[in-house]
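# Chains, contacts and geometry: an overview
Next come the chains, spelled out residue by residue.
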Amino acid sequence: MNLFSLAKQFPTEDAAIEYWIATRWPDGVRCVGCDHDTVYRIKTVGKTGKPSLIFECGKCQLHFSPTAGTLFHDSHLPLQKWFAAIALMCEGKKGISANQMKRHLGVTYKTAWFMCHRIRKAMSDESIEPLGSEGQVIEIDESFVGGKVSRAGLPEANRRKVKVLGIAERGGRVHLKKIKNLKLETITPILEASISENASQIHTDGSTRYVNLLPKEKHVRGNHEREIKAGDSLSNQTIEGAFSLFKRGVVGSYHKLGVEHMDAYLGEFCWRFNRRREQLEMFDAALSNMTREPLPYAKLKGGDDPF
Ligand SMILES: [Zn+2]
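Cut-offs used in this document
Residues numbered from 1 in each chain as written. Predicted model: local features only at pLDDT ≥ 70, side-chain atom pairs only at ≥ 80, totals over all residues. Heavy atoms only, no water. Pairing = 2+ DSSP bridges. Helix = DSSP H or I, 4+ residues; strand = E, 2+ residues; numbered from the N terminus. Contact = heavy atoms within 4.5 Å. Axes fitted to C-alpha atoms, helices over the stretch in contact; angles between N-to-C directions. Parallel < 35°, antiparallel > 145°, perpendicular 65-115°, else oblique. Left-handed = near helix turned anticlockwise from the far one by under 90°. pLDDT = per-residue confidence, 0-100. Salt bridge = Lys/Arg side-chain N within 4 Å of Asp/Glu carboxyl O. Buried < 20%, exposed > 50% of the residue type's maximum accessible area, 1.4 Å probe, protein only. Donors = N, O, S within 2.8 Å, 3.2 Å for Na, K, Ca; no water. Tetrahedral: all angles 85-135°; square planar, octahedral: opposite > 155°, others 65-115°. Expected span 1.5 Å × (residues − 1). Arc of directions from axis to C-beta. Domains from an automatic or database assignment. Buried area = accessible area lost by both parts, 1.4 Å probe. Polar contact = N/O pair within 3.5 Å; in protein donor to acceptor, adjacent residues only side chain to side chain. Nonpolar A, V, L, I, M, F, W, Y, C, P; charged D, E, K, R; others polar.

Moving on: the sheet that holds strand β1 (residues 39-45). The three strands are arranged β1-β2-β3 in an open sheet whose pairing can be described as antiparallel. At either margin of the open sheet sits one strand with a lone partner, and together these are β1 and β3 (63-64). The pairing of β1 with strand β2 (residues 51-57) spans seven bridges and is classified as antiparallel. Pairing of Ile 42 across the sheet is with Ile 54, part of β2. Of the strands in this sheet, β1 and β2 touch helix α2 (residues 13-24), which is tilted by about 25° from β2.

Okay, here's the thing in structure tokens:
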């Protein structure tokens, strides 16, 4: 959803709140304390002096806001701004930096950064369905991402860079995961969890690393240099494409990407990449995941919430 259709669909804060309530409780509001379904609406005045809506449970009398206990928890920003932030993060193929978000929304950098991380938590798959379950061809590759562009091979160059293992269905979904090293004990559990036994073929580069890890009858070892010389299509085209898009995002959008948050960035990237043909549904998918548990600032960085 682009910002224009967003403004059209949610012209007022009330419209955004009602949409959120219907997303969070499609079968009617329930108490967040005791789960009772008799809940009253109370109009009150919020901390910012603006009218706001809270609920009162008919059973345990608990008062709670429509956003209590979710990723919007304790935020005093209007939901309209949050919706715009979610739309912007769904829209940008390469992602969006906290600085861009700050300019679009007119909030501080710290707030923008924190919003991005909360939305990033919603734009992540908590579990992945193994790739290749419908008999697709699988590609595996590794790459260094993040950090400053510097001379490869130097210890300094590697310090801020992170090694990432990529697994993809050719032309389909990808799974990118930060790894410490390429040792068997590191890679094996990731491959086992990510690749379906229905996969028809599994392509890797020419290294012998995967020889004992993958079923012989499915494993195809390619030679990417030879493929390029011969003008053939690359046997790692999908994973290569995903890596290069992610890296352009790192350079173009994230600038100083925090290495400690790499898995969250990778998760967001894969979530969006894997829904690239469902652009229209993406906003609602992210919004319904905002019902996930709150993400306190202290958990990310330490210190108080910037809201
Ligand atoms: Zn209750």
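Still to come is the rest of the account.
Let us now look at the packing of helix α3 (residues 79-91) against helix α4 (residues 98-105). Packing of α3 against α4 brings their axes to within 11 Å, and their N-to-C directions diverge by 135°. Considering their axes alone, α3 and α4 lie oblique with respect to each other. The chirality of how α3 crosses α4 is right-handed. Judged by residue contacts, Lys 81, Ala 84, Ala 85, Leu 88 and Met 89 of α3 engage Met 101, His 104 and Leu 105 from α4.

A word on the confidence of the model for the chain. Per-residue confidence for the chain gives a mean pLDDT of 88; residues scoring 70 or more make up 91%. The secondary structure element of the chain with the lowest average pLDDT is helix α6 (residues 155-159), at 49, and the one with the highest is α2, at 96.

A separate point is the pattern of salt bridges. According to the stated counting rule, one finds 10 salt bridges in the structure shown. For the salt bridge of Asp 35 with Arg 30, the shortest nitrogen-to-oxygen distance reads 3.2 Å. When the shortest N-O distance is used, the salt bridge between Arg 120 and Glu 268 registers 2.6 Å. Residue Arg 120 is located in helix α5 (residues 109-122), and its partner Glu 268 is located in helix α10 (residues 262-273); the two are separated by 148 residues in the primary sequence. Neither Arg 120 nor Glu 268 differs from the other in exposure class; each is buried.

The coordination sphere of the zinc ion, as far as protein atoms go, consists of Cys 31 (SG), Cys 34 (SG), Cys 57 (SG) and Cys 60 (SG), spread over 2.3 Å. Every donor counted, the four donor atoms about the zinc ion form angles of 104 to 117° at the centre, which fits tetrahedral coordination. Sequence positions of the donors to the zinc ion reduce to the motif C-x2-C-x22-C-x2-C. Placement of Cys 31 in the loop between α2 and β1 and of Cys 57 in strand β2 is noted, with a sequence separation of 26 residues between them. On the basis of relative accessibility, which here comes to 0%, the residue Cys 57 falls in the buried class.

Attention now moves to α2. Relative to the 16 Å expected for 12 residues at 1.5 Å per residue, α2 spans 16 Å between its end C-alpha atoms, a close match to the ideal helical length. Along α2, the positions that sit buried rather than exposed are Ala 16, Ile 17, Trp 20, Ile 21 and Arg 24. All buried residues of α2 lie within an arc of 135° about the axis, which places them on one face of the element. Contacts made by the buried residues of α2 are with β1, β2, α3 and α11 (279-289).

Our next topic: the domain arrangement of the chain. In terms of domain boundaries, the chain breaks down into domain 1 (3-125 + 284-300) and domain 2 (137-266). Centre-to-centre separation of domain 1 and domain 2, based on C-alpha positions: 35 Å. Taken together, the contact between domain 1 and domain 2 spans 10 residues of the former and nine residues of the latter. Between domain 1 and domain 2 lies a buried interface of about 840 Å² when both sides are counted; carbon and sulfur atoms form 59% of it. Put simply, domain 1 and domain 2 have zero salt bridges between them. Applying the counting criterion to the domain 1 and domain 2 interface returns zero residue pairs in polar contact (both at pLDDT 80 or more). Split by residue class, the side of domain 1 that touches domain 2 holds three nonpolar, four polar and three charged.

As a further point, take the sheet that holds strand β7 (residues 201-204). With mixed pairing, five strands are arranged side by side in an open sheet as β6-β5-β4-β7-β8. Each having just a single partner strand, β6 (174-179) and β8 (219-221) make up the two edges of the open sheet. Pairwise comparison of adjacent strand axes, ignoring direction, gives a mean angle of 25° for this sheet. As paired strands, β7 and β8 are joined by three bridges and run parallel to one another. For Thr 204, the partnering residue across the bridge sits in β8 and is Arg 221. Where helix α7 (residues 184-194) meets the sheet, it contacts β4 (137-145), β5 (162-169) and β6, and its direction lies at approximately 25° from that of β5. Strand contacts of α10: β4, β5 and β6, with the helix running at about 175° to β6, the strand carrying the most contacts.

Time to look at the pairing of β2. Moving residue by residue along a regular strand, the side chains alternate between the two faces of the sheet. Count of turn residues in the β1/β2 antiparallel hairpin: five residues, of which Gly 49 carries a positive phi of about 90°. Of the strand pairs in this sheet, β2 and β3 are connected by two bridges, and their pairing is antiparallel. Along β3, the bridge assignment pairs Phe 55 with Phe 64. Connecting the antiparallel pair β2 and β3 is a turn made up of five residues, with Gln 61 showing a positive phi of about 65°.

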